[in-house]
Amino acid sequence: MRRNLFAFVAMLVMLAAGFEAHAVCTAASPNANVIESTPTSAFTDNGNGTVTHTLTGLMWKRCAEGQTWSGSTCTGGATTFTWANALIQAKNANFAGQTDWRLPNLKELESIVESCGYGPSINQTLFPATPASNFWSGSSYVPNPAYAWYVNFSDGNTSASAKSNSHYARLVRGSVL
């Protein structure tokens, strides 16, 4: 329910901003009956392995941690981390001349879920070779501090997981949403 509400609000914002609402779905296994929620036109390609979401102002690494930007796609295998190690990876990241990378909070990570498809449910033009799997957010799960939130990019759903489990990480920089 929360994800559907977020996708609906994001679509309203894009329509108000004049973005193309009927773009071709860029997620895997597209559903032609669902409007794209993260059209490529809502992002600026910075030409250095990053994109900036024009609606949020957030700059995203195009590749998951462990992958390398080749100039046109992400190569190599993404790496999984425990939550603590994902936080350390973000703190030590130096990419595209920037050193203030971090794990996105849950709301930020949900903002790049593509609702028109699945497997992975992310814009594959912007974020190529993304594993259809769980990605850590930087948000702890308040009812149990030993858990943190993640987004499953297989279907775009969210859940909490023990921080000792290993999931993928995608880094962001910019103001917190």
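Everything numeric here is computed off the predicted structure, so don't read it as measured data.

## Details of the overall build of the protein chain
Within the protein chain, the secondary structure is distributed over 3 helices and 9 strands. Ordered by position in the sequence, the α and β elements of the protein chain form the string α-β-β-β-β-β-α-α-β-β-β-β. For the protein chain, the proportion of its 177 residues judged to be buried stands at 47%. Of the contacts made within the protein chain by residues no fewer than 6 positions apart, 62% connect residues no fewer than 24 positions apart.

## Focus: the pattern of salt bridges
What the rule picks out here adds up to 4 salt bridges. As a salt-bridge pair, D45 and R62 come within 3.2 Å of each other at their nearest N and O atoms. On the criterion of sequence distance, the pair formed by D45 in strand 1 (residues 43-45) and R62 in the loop between strand 3 (59-61) and strand 4 (68-69) is long-range, its members being 17 residues apart. The exposure class of R62 is buried, given its relative accessible area of 6%. Across the pair R173 and D100 runs a salt bridge whose closest N-O atoms are separated by 2.5 Å. Here R173 is found in strand 9 (residues 172-173), whereas its partner D100 is found in the loop between helix 2 (83-92) and helix 3 (106-110), with 73 residues between them in sequence.

## Regarding the environment of P128
Structurally, the position occupied by P128 is in the loop between helix 3 and strand 6 (134-140). Take P128: its relative accessible area is 9%, and that puts it in the buried class. Once the C-alpha coordinates of P128 and A27 are considered, the two residues, 101 residues apart in sequence, prove to be 9.9 Å apart. Contact partners of P128, with chain neighbours within four places excluded, come to R62, Q67, W69, T73 and C74.

## Concerning the sheet that holds strand 9
Neighbouring strands of a sheet are bound in pairs by backbone hydrogen bonds; such pairs are parallel or else antiparallel. A sheet is described by the order of its strands in space; here 4 strands give the open sequence 1-2-3-9, paired in antiparallel fashion. In this open sheet, the two edge strands, each paired with only one partner strand, are strand 1 and strand 9.

Scoring rules and cut-offs
Residues numbered from 1 in each chain as written. Predicted model: local features only at pLDDT ≥ 70, side-chain atom pairs only at ≥ 80, totals over all residues. Heavy atoms only, no water. Helix = DSSP H or I, 4+ residues; strand = E, 2+ residues; numbered from the N terminus. Buried < 20%, exposed > 50% of the residue type's maximum accessible area, 1.4 Å probe, protein only. Contact = heavy atoms within 4.5 Å. Salt bridge = Lys/Arg side-chain N within 4 Å of Asp/Glu carboxyl O. Pairing = 2+ DSSP bridges.

Distances and angles like these do not, on their own, reveal function.
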